[in-house]
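# Coordinate analysis (summary)
One letter stands for each residue in the lines below.
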Amino acid sequence: MRKKVILITGANGEVGHGLITHIANANRSGILALDIKELDSSLQPMVKRAIVGDILDNRLLEYLMSEYEISAIYHLAALLSTRAEFTPEAAHKVNVQGTINLLHLAIEQSRWQGNAVKFIFPSSIAVFGVPDLKTKAAIPPVTEDLYNMPITMYGCNKLYCEHLGRYYAAHYRQLAATPEPYGVDFRCLRFPGLISAHTIPSGGTSDFVPEMLHAAAQGKPYASFVRPDAIIPFMVMPDAIKSLLMLSETPRENLSRLIYNVTSFSVSAEAVGQIVKTAFPTTSITYNVDDKRQGIVDSWPAEMDDSRARQDWSWQPDYDQRRSFEEYLIPTLRKHYGHWVI
Ligand code: AKB
């Protein structure tokens with residue numbers, strides 16, 4: 001008998017931490033955690049099984065197929081936008097071939113189970129590419145279908161994987177003698193920059209805000225790699241987890257599309273610097289701009305329009321800017337790094 005699980009790839013990453021903790025606390029179905037690195041010891045008791053392995057390893061995926069009945073896949077594994085620019089072809093392999101491998105696993109599971117397996121895919125603000133700062137300042141919050149002209153390998157990968165999800169959901173092998181009867185129940189969120197009070201991201205370009213906060217809370221100085229006026233939208237981790245679970249639980253017939261923007265507040269590096277200095281007065285924030293990373297942030301819109309998600313599945317974040325800093329980030333960081341704070 002195959003064991004019933006939900007599969008989380010990239011389980012050891014920031015979103016994986018939040019998602020596993022939430023699902024385990026809510027006592028939902030067993031989690032099969034997959035990551036290239038060993039799962040954090042704090043998460044181990046929360047999962048049914050943790051496997052160290054690569055989403056590019058077909059033999060491992062065949063093993064998962066034979067051992068498990070997978071009711072949903074949260075495919076979180078990816079190389080983020082800054083890291084991907086150093087090794088674009090390797091990033092393409094992980095981000096695109098890895099996603100195809102998981103979509104293929106989902107289609108085989110759907111065929112075997114006799115219904116469409118859910119495939120929850122976090123995409124990103126990185127799929128957007130606004131042409132210049134003048135345009136960025138002038139345009140209204142960007143809807144899903146505008147400015148889909150990414151300038152990073154990661155953004156290109158995410159945009160293409162959104163299309164692959166659409167293909168596997170409705171068009172996979174439609175010309176075959178026996179066309180795929182079920183497809184995959186593909187659902188995708190486009191996240192803004194994410195901020196967790198518990199984990200520090202690595203390899204992203206929206207990292208300037210979480211890095212600033214975590215450094216300040218430890219009493220360390222921080223040199224921002226973007227200009228003070230750099231602005232993009234953000235969301236705190238509890239809202240990111242909430243949006244993933246809400247989208248996953250919404251009845252298919254309520255969804256008018258496969259891909260949804262979600263967002264909370266837009267804030268500049270300078271504004272975060274001021275909030276951080278008020279909360280942790282001994283900190284020092286300076287600016288040592290990396291033109292390449294600045295260019296990536298400049299290409300991302302200042303605001304995203306998430307009205308489709310609000311309409312279709314009543315999405316709204318619990319944490320606006322004030323609540324994010326005052327009720328989640330600063331108190332949790334103080335507790336987390338308590339011994340550093342004077
Ligand atoms: C990154 O900076 O690459 C990610 C993202 C915005 O998707 N945090």
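Residues numbered from 1 in each chain as written. Predicted model: local features only at pLDDT ≥ 70, side-chain atom pairs only at ≥ 80, totals over all residues. Heavy atoms only, no water.

### Quick word on helix 12 (residues 321–336)
The α-helix advances 3.6 residues per turn, and as a result positions three or four apart in sequence lie on the same side. Bending of helix 12 peaks at approximately 30° at the position of L329, with proline P331 no more than four residues after it. For helix 12, every residue scored as buried is listed here: S324, F325, Y328, L329, I330, T332 and L333. Residues of helix 12 that are buried make contact with strand 7 (193–195), helix 7 (208–217), strand 9 (231–236), helix 8 (237–249), strand 11 (265–268) and helix 9 (269–279). (Bend = angle between axes of the 7 residues up to and from the residue. Helix = DSSP H or I, 4+ residues; strand = E, 2+ residues; numbered from the N terminus. Buried < 20%, exposed > 50% of the residue type's maximum accessible area, 1.4 Å probe, protein only. Contact = heavy atoms within 4.5 Å.)

### Observations regarding the sheet that holds strand 2 (residues 31–35)
On the basis of which strands lie adjacent, the open sheet formed by 7 strands has the order 3-2-1-4-5-6-10 and parallel pairing. Each end of this open sheet is capped by a strand with a single partner; those strands are strand 3 (49–52) and strand 10 (259–261). On average, each strand axis in the sheet is inclined to that of its neighbour by 20°, with strand direction left out of account. Two elements, strand 1 (residues 3–9) and strand 4 (residues 68–75), share 7 bridges in a ladder whose sense is parallel. In the sheet register, K4 faces strand 4, and the bridge partner there is E69. The sheet contacts of helix 8 involve strand 4, strand 5 (118–124), strand 6 (185–191) and strand 10, and relative to strand 6 the element is tilted by about 155°. (Pairing = 2+ DSSP bridges. Axes fitted to C-alpha atoms, helices over the stretch in contact; angles between N-to-C directions.)

### So, the nonpolar core
Nonpolar side chains tend toward joint burial in soluble globular proteins. If you look at the biggest cluster of nonpolar residues, it comprises 78 residues, and the most contacted ones within it are I8, L19, I20, Y74, F208, W313 and L329. Of all the elements, helix 7 adds the most residues to this core, at 7 residues. What F208 contacts, discounting residues up to four positions off in sequence, is Y222, S224, F225, V226, I232, F234, A269 and V297. Core analysis: the second largest hydrophobic core is formed by 32 residues, V5, I51, L60 and F121 among them. (Core = buried A, V, L, I, M, F, W, Y, C linked by side-chain atoms within 4.5 Å.)

### Here's the deal with the pairing of strand 2
Counting buried positions along strand 2 gives 5 out of 5 residues, so the element sits mostly inside the fold. Burial along strand 2 is two-sided: I31, A33 and D35 facing one way and L32 and L34 facing the other are all buried. In this structure, strand 1 lies alongside strand 2, joined through 4 bridges in parallel fashion. Bridge pairing links I8 to A33 in strand 2. Here strand 2 pairs with strand 3 via 4 bridges, running parallel. Bridged to A33 within strand 3 is A50.

### Section: the site of the ligand
Close to the ligand lie L80, S81, S124, I125, Y154, G204, T205, S206 and W300, which account for all nearby residues. The backbone of T205 places a nitrogen or oxygen atom 2.6 Å from an oxygen atom of the ligand. Within the complex, 90% of the 250 Å² of free accessible area of the ligand lies under protein. Class assignment for the residues of the shell around the ligand results in 4 nonpolar, 5 polar and no charged. (Near = heavy atom within 4 Å. Polar contact = N/O pair within 3.5 Å; in protein donor to acceptor, adjacent residues only side chain to side chain. Areas by Shrake-Rupley, 256 points an atom, 1.4 Å probe, with all protein chains shown as cover. Nonpolar A, V, L, I, M, F, W, Y, C, P; charged D, E, K, R; others polar.)

### Regarding the side chain of D306
Checked against the element boundaries, D306 lands in the loop between helix 10 (291–299) and helix 11 (307–313). A residue is classified by how much of its surface remains accessible, and D306, at 5% relative accessible area, is buried. For D306, the side chain forms a polar contact with the main-chain nitrogen of T263, separated by 3.1 Å. Within polar-contact distance, the side chain of D306 engages the side chain of W315 at 2.9 Å.

### Points about the pattern of salt bridges
On inspection of all chains with the given rule, the structure shows 15 salt bridges. When the shortest N-O distance is used, the salt bridge between D185 and R252 registers 2.6 Å. Separated by 67 residues along the polypeptide, D185 in strand 6 and R252 in the loop between helix 8 and strand 10 bring together distant segments of the chain. For the salt bridge of R227 with D229, the shortest nitrogen-to-oxygen distance reads 2.8 Å. The partly exposed category is assigned to R227, whose relative accessible area is 25%. For D229, a relative accessible area of 47% translates into the label partly exposed. By sharing partners, the salt bridges in this structure join R322, R323, E326 and E327 into a single network. (Salt bridge = Lys/Arg side-chain N within 4 Å of Asp/Glu carboxyl O.)

### Concerning helix 9
Buried within helix 9 are the following residues: A269, V272, G273, V276 and A279. Seen along its axis, helix 9 keeps its buried residues to an arc of 130°; they face one direction. Seen from the buried face of helix 9, the exposed residues on the opposite side, beyond 90 degrees, are Q274 and T278. (Arc of directions from axis to C-beta.)

### Things to note about the sheet that holds strand 11
A sheet is described by the order of its strands in space; here 3 strands give the open sequence 7-9-11, paired in mixed fashion. The open sheet has two edge strands with one neighbour each: strand 7 and strand 11. Each adjacent strand pair in this sheet contributes to an overall mean axis angle of 50°, direction not counted. One ladder, built from 4 bridges, connects strand 9 with strand 11; its direction is antiparallel. Along strand 11, the bridge assignment pairs I231 with S268. The sheet contacts of helix 12 involve strand 7, strand 9 and strand 11, and relative to strand 11 the element is tilted by about 80°.

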